[in-house]
Amino acid sequence: MSNDVIIEVRGLEKEFPGVRALKGVDFDIKRGTVHCVVGENGAGKSTFIKILTGAHRRTGGSLKFNGNDFDPKSIREAMNAGISVLYQELNVVDDLTTEENLTLGKEKSKFGFIQKSDGLGKMMDIIRSLDDSIELDMPVDILSVAQKQVIEIAKALSTDCSVLVMDEPTASLSEDEVRRLFLTVKKLKEQGITIIFISHKLSEIFEIGDYVTVFRDGEMTGTKSVPEIAGYEDALGCPDTFDDKTITDACTELVRLMIGKVIDQAYIASESDYSQKLLEVKNVSNHRLHDINFDLYKGEILGFYGLVGAGKTEVGRFLYGIDNYEGDIFVNGEKCDYKNVIGALEQGFAMVPEERRVDGIFGQLPIRANIPMMRMDSVLSSGLISRIKENKLADKFMKMMSVAAKDREQAVAFLSGGNQQKVVIAKCLNRDADIIMLDEPTRGVDVGAKEEIHDIIRGLANEGKSIIVFSSELPEITHLCDRIVLMYDGSIGEIVKNKKDIDIDHIMNIVAGG
Amino acid sequence: MNKLNKERFAFLKQPTFILFLVFVALNVFFALSTPRFFKLSNYMNMVKQSTMIMIVGCGATFLMMTEHLDLSVGSNLALTSIIYTFLVVFGIPGLGIAPLPLLTAGIIVIIIGAVIGVLNGLLVTKFGFESFIATLGMMYIGRGLALAVVGGNSIRSGFPENFGVLGNDKVLGIPYLFIFVIAAIVIFTVLHKKTLLGKHSVAIGGNKNAAFFSGINPKKIVMTLYIITGALAAVAGILTASRLEHGDPRTGTGFEFTVLVAVLLGGTPLSGGKGTIIGTVIGAMIITVLGNGLNAMDILKFWQIVFKGIILIGAIVLHSQMREKRRMTVVNAGTRS
């Protein structure tokens, strides 16, 4: 093994009950480089990071750090060995000062009284070299997110860390702050620190990355140097900064690695009635979205596709009255001005949310009580809840969706993911809305139930309902949707009509920013 | 630019300072409304009334900084107060032990108070109970035991002659109670500002994850704080018995909530992460002045309770608004850079 490899991953496996999160991963991380790790949600990148930083234990394969076998049992053990993490949620205490945060947990004390720490000078030097506007006696809560990150970085570096893992560090930073963070990263690299950089913003890789590893479905689908992915033979002759065209092409290549080969499931067109426009969205913008325009017809399934962070969920949120927006929404040609979810429901929208357990089910309640939740008057009889009506309703939907449960009295929390999702969809259908939005309708659902849910969605469209599907699974989108809205960075890149042999490369190019 | 000037007047915007102004305003109001209020004797009286709140409030503030409650302090005070009285009047008749000297009895009940703290701490840190539930349970247990010890009766005679000294006498013109309070404030302010216990308490309440990743053991800290608060409640129990010069198992009913209100008024939020001893002290002063002043104005007790509620809600609004404002300036600072 050459000396310039700091982390060597061989056949790394991680099994959770029922799920293989990592299926034998091999790659090397070179000393003193910025190594980017990308992949869609659930691809395995965070599992890998958790094993590396001691939050999880591996179940197979090997991991070598500085040439020695490395199997940390705790985050502290990994930290002591020299691997620190900069988490997405900041771990500073707002009501302590910079100095108190830097020394937290490492204070020198005499009889419980805090003494002046000696390591402070070193930490201060680190902070000064990264951001000279931070003073030791500043309370941390007046600092910006980027400045708090600097404090965390300084804290990590003070424990002789040689590998710094940055988990989506740019997610909550302004553009200006991202610039400064990148400068920081470059300085750290100059000091010989290896940085593992996780990000959903692919273009960032071409600004600071040296290498990139792509995860998909628990496997490593490629580890390449950044020049290589940008189309250069080697670092020689490769420019310091790339032009936009090169970056877009390279991002498309990364997206291909992230998504893999799309198995073309037959697309069956639904019986859309393109003479009846049900919904029209005009020039909608908000804090996450820029100039969104699209329309939806009766009996149509409209799909929203984009990488994580492209803004799919945000489209659902403003349509459902959760987020504020500027622009216009027309339903049946009339301008709407609802401001909350109740208004959206009255306007004829219904939503199957992305986070089923958090936003979808009432876990402790039986199936029978879950289904009427979005339209209680469907089970009322002279103003009181009628058990007979509840039972009838539950039986109807459980049969229609073939929900596998002991009986209608079973608490929803104890159903499988697929059956929970069916209950959520039933709850939504009972609303009898004209426009049904489904955010990641088959996430965490097994293959069989997935097909059933797809059939249900198709059936609804054929009954004349208009459907909007938000999904990060391209096969689902190409299988199901009549038209596909491709999103990139909060904007609509293009709206394409689905057909049997749709140009997947083109889709990948658009969602990669082309 | 005028950074120095800004810093010099920064205290004006501190919630604690505004609270102090509220305290002063209440004093002026009552002094103008009734001639009975603004008198040295009345102020001495108020010092005595607020002593127990402040002493126990010192521990409760620390607990609340870590996002924990102690609802058992009122019962703890009653139990330790009644046992203290019992020990100095009767000793332990069952074991044939004669009435104990004040100091011995005092040490014993402080240990008892601390043991109640240990139980609270075990329930919370070892068995994972919510602090609300654990200490609510302990509140009933303590109150029941206090009543059981004396069969529901109070002890009104047979005291040694210096029984009431701590609660009523002065040394060099200063009431003993006052000395106790000042000592508690100084000790706990130092604990807060200068020791690991104080800093780690703030850290645990402020950001649990940060504390965890920094290698702080929250259970140890919370346990320590429950023990301290239990012991403080026992000290307050001894002082209460001495001040009233009798032992009453029904004393300190509702005391836990008075302490809670003082701590909240003083700017320690239920969610923890911040707080000051001096804030709690001012909170206790406001509660005391309010009760005493309304009394002096001959306003019915019922209305006093209503006012207490209004002041509490008003203070929480004040604190949360200050926080909001601060956050706004942070956002602006962020975009400016």
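Everything that follows concerns the structure shown earlier in this document.
Conventions adopted
Residues numbered from 1 in each chain as written. Chains lettered and ligands numbered in written order. Predicted model: local features only at pLDDT ≥ 70, side-chain atom pairs only at ≥ 80, totals over all residues. Helix = DSSP H or I, 4+ residues; strand = E, 2+ residues; numbered from the N terminus. Rg over C-alpha atoms; globule rule 2.2 N^0.38 Å. Buried ≥ 20, exposed ≤ 12 C-beta atoms within 10 Å, placed from the backbone. Core = buried A, V, L, I, M, F, W, Y, C linked by C-beta atoms within 7 Å. Contact = placed C-beta atoms within 7 Å. Pairing = 2+ DSSP bridges. Axes fitted to C-alpha atoms, helices over the stretch in contact; angles between N-to-C directions. Left-handed = near helix turned anticlockwise from the far one by under 90°. Nonpolar A, V, L, I, M, F, W, Y, C, P; charged D, E, K, R; others polar. Arc of directions from axis to C-beta.

Focus: the overall build of chain B
A count of helices and strands for chain B gives 14 helices and 2 strands. Relative to a compact globule of 337 residues, whose C-alpha radius of gyration would be 20 Å, chain B shows 21 Å and is just as compact. When the backbone C-alpha atoms are referred to their principal axes, chain B occupies close to 75 × 55 × 40 Å. Classification of the 337 residues of chain B by burial places 45% in the buried group.

Some thoughts on the nonpolar core
Leu164(A), Leu254(A), Met437(A), Ile467(A), Val511(A), Ile55(B) and Val56(B) are the most contacted members of the largest nonpolar core, which totals 232 residues. No other element matches the 15 residues that helix 11 (residues 218–244) of chain B contributes to this core. Aside from chain neighbours lying at most four places away, what touches Val56(B) is Val73(B), Thr229(B), Leu232(B), Ala233(B), Ala236(B) and Val259(B).

Quick look at the sheet that holds strand 18 (residues 349–352) of chain A
Note on sheets: strands pair through backbone hydrogen bonds, and any given pair is parallel or antiparallel. All names here are of chain A. Pairing within the open sheet is mixed, and its 6 strands lie in the order 18-21-22-15-23-24. Two strands bound the open sheet, and with one partner strand each, they are strand 18 and strand 24 (491–497). Across the sheet, the mean angle from the axis of one strand to that of its neighbour is 20 degrees, orientation sign disregarded. Across 5 bridges, the pairing between strand 15 (residues 301–305) and strand 22 (residues 466–471) is parallel.

Concerning the packing of helix 3 (residues 40–65) of chain B against helix 12 (residues 255–265) of chain B
Residue and element names in this part refer to chain B. Axis separation between helix 3 and helix 12 bottoms out at 9 Å; the angle between their running directions is 65 degrees. Crossing geometry of helix 3 relative to helix 12 is assigned as right-handed. Taken together, the residues of helix 12 that come into contact with helix 3 (itself represented by Ile53, Val56, Gly57, Ala60, Thr61 and Met64) are Thr258, Val259, Ala262 and Val263. Partitioned by chemical class, the residues of the contact of helix 3 with helix 12 number 7 nonpolar, 3 polar and no charged.

Some thoughts on the sheet that holds strand 6 (residues 83–86) of chain A
All names here are of chain A. Spatially, the 6 strands line up as an open sheet ordered 6-9-10-3-11-12, and their pairing is mixed. The sheet is open, and its two edges are formed by strand 6 and strand 12 (219–225), each paired on a single side. Looking at each pair of strands side by side, their axes are set apart by 20 degrees on average, direction ignored. Alignment of strand 3 (residues 34–38) against strand 11 (residues 211–216), held across 4 bridges, turns out to be parallel. Note on strand 11: the bridge partner recorded for Val37 is Thr213. Across the sheet, helix 1 (residues 45–52) touches strand 3, strand 6, strand 9 (163–167), strand 10 (194–198) and strand 11, and the angle it forms with strand 9 is around 145 degrees. Sheet strands in contact with helix 9 (residues 244–259) are strand 3, strand 11 and strand 12, and its direction is about 35 degrees off that of strand 11.

Quick notes on helix 4 (residues 120–130) of chain A
All names here are of chain A. Taken together, the buried positions of helix 4 are occupied by Met123, Ile126, Ile127 and Leu130. For helix 4, the angular spread of buried residues about the axis comes to 95 degrees, placing them on one side. Exposed and oriented more than 90 degrees from the buried face of helix 4 are Gly121, Asp125 and Arg128. Looking at the buried positions of helix 4, the neighbouring elements they touch are helix 3 (98–103), helix 5 (145–157) and helix 6 (175–190).

Brief notes about the interface of chain B and chain A
Facing the 21 residues of chain B at the interface are 20 residues of chain A. Put simply, the parts of the chain that give the side of chain B that touches chain A at least two residues each are helix 9 (196–206), helix 10 (208–213) and helix 14 (301–336) of chain B. For the side of chain B that touches chain A, the element with the most residues is helix 9 of chain B, which contributes 6 residues. When its residues are assigned to classes, the side of chain B that touches chain A shows 9 nonpolar, 9 polar and 3 charged.

The values are spatial; any link to function lies outside them.
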